[in-house]
Amino acid sequence: MSARQILGKVALAVSVFVIVSPAILFFLWMASLSVKFEIDNAAYPPVFIPEHFAWKNYADVLASNRFATYFKNSLIVTGGATLLAMLVGVPAGYGIARMAAHKSAIVILIARITPGLSYLIPLFLLFQWLGLLGTLWPQIIIHLVVTVPIVIWIMIGYFETTPIELEEAATIDGATRWQVFRHVALPVARPGLAVAFILAVIFSWNNFVFGIVLAGRETRTLPVAVYNMISFDQLSWGPLAAAALIVTFPVLLLTIFAQRQIVAGLTAGAVKGG
């Protein structure tokens, strides 16, 4: 190995460390806050590893009467938004890829990078006029603004890389377009389906802005519930950090197990379809 290659690997390692270390430090510090008593959280100099662990912070959060409700709301909103996004986005991605509709792909890209706040006010007025505020339907619908472009963009990249000869052979054998899509294209693009599903779940589960505006007292999702633990008169860092870690854990676990597929999906979607 040449000195230039060694220098390149060292520079890459240093760059990765500089980029990743703040996120790891913040996560470890939040974990430390979640297992400390308030006297340790307010101590100076700061205490990173306490002498006594306050596991009751997690127990208090899990024992909360509303935690189960908020968890159920997050499952319904994330599950509904992801399912609808897959039903709409996968056929749309296939159609755009096979028709080489590059202008449509650009529109999807614009929708993907447009901030969600741009859609919030008009949709809020629409939901208010329909009388849906305070229910879970507005959150499911508005999450499609985030999930549908992700699914379409990823599936465009995957369908453009799948061999079209298989579909042409099925067409010659008398298969309809729907049969070709269902029995040929979908099985081949199964890794892309997994990536699109995972990313839609992650972006929907972590969404905070839509929930804080559209959710009622009984329809809050977990990110909003954690935010509402902050008050002006009292702030308990231990339970707050424990709740934040509990909310983060499902998505973190999913990301760890599916990191290779996520990177592959993002790469394919970035190179193809535009």
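Before going into details, it helps to say that this report is about the structure given with it. (Residues numbered from 1 in each chain as written. Predicted model: local features only at pLDDT ≥ 70, side-chain atom pairs only at ≥ 80, totals over all residues. Heavy atoms only, no water.)

So, on to the overall build of the protein. The helix and strand inventory of the protein stands at 14 helices and 0 strands. The N-to-C order of helical and strand elements in the protein reads α-α-α-α-α-α-α-α-α-α-α-α-α-α. Taking the principal axes of its C-alpha atoms as reference, the protein extends roughly 75 × 70 × 30 Å. The buried share of the protein, taken over its 274 residues, is 37%. Taking the contacts inside the protein whose residues are at least 6 apart along the sequence as the reference set, 74% of them involve residues at least 24 apart. Taken together, the 16 basic and 11 acidic charged side chains of the protein have centroids lying 5 Å from each other. (Helix = DSSP H or I, 4+ residues; strand = E, 2+ residues; numbered from the N terminus. Buried < 20%, exposed > 50% of the residue type's maximum accessible area, 1.4 Å probe, protein only. Contact = heavy atoms within 4.5 Å. Lys, Arg positive; Asp, Glu negative; His and termini not counted. Charge placed at Lys NZ, Arg CZ, Asp CG, Glu CD.)

A few words on helix α9 (residues 177-188). The end-to-end C-alpha distance of α9 is 15 Å, a good match for the 16 Å that 12 residues give at a rise of 1.5 Å each. Looking at α9, one finds that the buried residues are V180, F181, V184 and A185. Taken around the axis of α9, the buried residues stretch over an arc of 125°, which confines them to a single face. Turned more than 90 degrees away from the buried face of α9, the exposed residues are W178 and H183. Elements in contact with the buried residues of α9: α4 (67-99), α7 (137-161) and α8 (164-172). (Expected span 1.5 Å × (residues − 1). Arc of directions from axis to C-beta.)

The next subject is the nonpolar core. In summary, soluble globular proteins display a tendency toward joint burial of nonpolar side chains. In terms of nonpolar packing, the biggest core is built from 36 residues, with V90, I142, V151, I154, M155 and F159 touching the most fellow members. Those elements giving two or more residues to this core turn out to be α4, α5 (102-113), α6 (117-130), α7, α9, α10 (190-205) and α11 (209-214). The element that contributes the greatest number of residues to this core is α7, accounting for 13 residues. Setting aside anything within four residues of it in sequence, one finds M155 in contact with V90, G93, A189, G192, L193 and A196. (Core = buried A, V, L, I, M, F, W, Y, C linked by side-chain atoms within 4.5 Å.)

On to α7, then. Between its terminal C-alpha atoms α7 stretches 36 Å, which fits the 36 Å expected from 25 residues at 1.5 Å a residue. Considering bend angle alone, the principal kink of α7 is centred on V145 and spans about 40°; proline P149 follows within four residues of it. Judged by how many residues are buried, α7 sits mostly within the fold: 20 of 25 residues are covered. (Bend = angle between axes of the 7 residues up to and from the residue.)

Right, let's talk about empty space enclosed by the protein for a bit. On inspection of all chains with the given rule, the structure shows 1 cavity of 30 Å³ or more. S74, V77, T78, H143, S204, W205, N207, T221 and P223 are the residues that line the largest cavity. When residues of the lining of the largest cavity are traced back to their parent elements, those giving at least two are α4 and α10. In terms of residues, the lining of the largest cavity owes the most to one element, α4, which gives 3 residues. For the lining of the largest cavity, the per-class residue count stands at 3 nonpolar, 6 polar and no charged. (1 Å grid on protein atoms, 1.4 Å probe; cavity = no way out; pocket = protein on both sides within 12 Å on 5 of 7 lines; lining within 4 Å. Points joined across faces, edges and corners; volume = space filled by probe spheres on them. Nonpolar A, V, L, I, M, F, W, Y, C, P; charged D, E, K, R; others polar.)

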